[in-house]
Amino acid sequence: MSLKTIQCRLVAKESTRQQLWELMAHKNTPLINELLLQVAQHSDFETWRKKGKITKGIIKQLCEPLKTDPRIIGQPGRLYTSAIRYIEYIYKS
């Protein structure tokens, strides 16, 4: 098995780095946590667990109403997509 490590350096103004931090720490992380909670509490969770996969598109459906949640609102679309794919990746593994 090969292991690759990617390292990058964010070169941007401090205000840009601060804004990115705020988005990730105060908006995107709560979105991911809420999606994890909703998937685990979903009525079909046991069925998914037994089948070994979540119904396609369900995480996106769970995310839609969260886009109006005051804790999460105002993220760029790519961060919502990133959160959805992250949850899909977690459950796929």
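Residues numbered from 1 in each chain as written. Predicted model: local features only at pLDDT ≥ 70, side-chain atom pairs only at ≥ 80, totals over all residues. Heavy atoms only, no water.

Sorry, what's going on with a nonpolar patch on the surface here?
On the surface, Leu 10, Leu 20 and Met 24 cluster together into a nonpolar patch covering about 250 Å² of accessible area. Structurally, the position occupied by Met 24 is in helix α1 (residues 14–41). (Patch = residues over 30% accessible without salt bridge, like charges linked within 9 Å, V, L, I, M, F, W, Y side chains within 5 Å. Areas by Shrake-Rupley, 256 points an atom, 1.4 Å probe, with all protein chains shown as cover. Salt bridge = Lys/Arg side-chain N within 4 Å of Asp/Glu carboxyl O. Helix = DSSP H or I, 4+ residues; strand = E, 2+ residues; numbered from the N terminus.)

What am I meant to see in the side chain of Glu 34 here?
Tracing the chain through its elements places Glu 34 in helix α1. The class of Glu 34 is buried, set by a relative accessible area of 18%. Every residue in contact with Glu 34, bar those within four places of it in the chain, is listed here: Leu 66 and Arg 71. (Buried < 20%, exposed > 50% of the residue type's maximum accessible area, 1.4 Å probe, protein only. Contact = heavy atoms within 4.5 Å.)

Any chance you could explain the environment of Ala 40 here in plain terms?
Mapping Ala 40 onto the fold places it in helix α1. Setting aside anything within four residues of it in sequence, one finds Ala 40 in contact with Phe 45 and Tyr 91.

Any chance you could explain the packing of helix α3 (residues 58–66) against helix α4 (residues 77–92) here in plain terms?
Any two packed helices are characterised by the angle at which their axes cross and by the distance between the axes. At a closest axis distance of 9 Å, the pairing of α3 and α4 adopts a crossing angle of 140°. Judged by the angle between their axes, α3 and α4 are oblique. As α3 packs across α4, the resulting crossing turns out to be right-handed. Mapping the contact onto sequence places Ile 59, Lys 60 and Cys 63 in α3 and Tyr 80, Ile 84, Ile 87 and Glu 88 in α4. (Axes fitted to C-alpha atoms, helices over the stretch in contact; angles between N-to-C directions. Parallel < 35°, antiparallel > 145°, perpendicular 65-115°, else oblique. Left-handed = near helix turned anticlockwise from the far one by under 90°.)

Sorry if this is basic, but what is going on with the pattern of salt bridges here?
A side chain of one charge can pair with a side chain of the opposite charge if their charged atoms are brought near each other. Summed over the entire model, instances satisfying the criterion amount to four salt bridges. With a shortest N-O distance of 2.8 Å, Glu 46 and Arg 49 are connected by a salt bridge. Placement of both Glu 46 and Arg 49 in helix α2 (residues 45–51) is noted, with a separation of three residues, approximately one turn of the helix. Since its relative accessible area comes to 40%, Glu 46 is described here as partly exposed.

Where do I start with α4 in this structure?
Since there are 3.6 residues in each turn of an α-helix, residues three or four apart along the chain are aligned in direction. Look at α4: 22 Å from first C-alpha to last across 16 residues, which is about the 22 Å you get at 1.5 Å a residue. Within α4 the residues assigned to the buried category are Leu 79, Tyr 80, Ala 83, Ile 84 and Ile 87. For α4, the buried positions fall inside an angular range of 140° around the axis, keeping them on one side. Set apart from the buried face of α4 by more than 90 degrees, the exposed residues are Arg 78, Arg 85, Tyr 89 and Lys 92. The secondary structure elements touched by the buried residues of α4 are α1 and α3. (Expected span 1.5 Å × (residues − 1). Arc of directions from axis to C-beta.)

Mind showing me how you'd approach the packing of aromatic side chains here?
Two descriptors summarise a pair of aromatic rings, namely the distance from one centre to the other and the angle between the planes of the rings. Enumeration over the complete set of coordinates arrives at one aromatic pair. Aromatic pair Phe 45 and Tyr 91: ring centres 6.2 Å apart, planes at 80°, arrangement edge-to-face. Pair noted here: Phe 45 is in helix α2 and Tyr 91 is in helix α4, with a separation of 46 residues, a long-range link. One Lys or Arg, Lys 67, reaches over the ring of Tyr 80 and ends 5.2 Å from the middle of that ring. (Phe/Tyr/Trp six-rings, centres within 6.5 Å; stacked < 30°, edge-to-face > 60°. Lys NZ or Arg CZ within 6 Å of the ring centre and 35° of its normal.)

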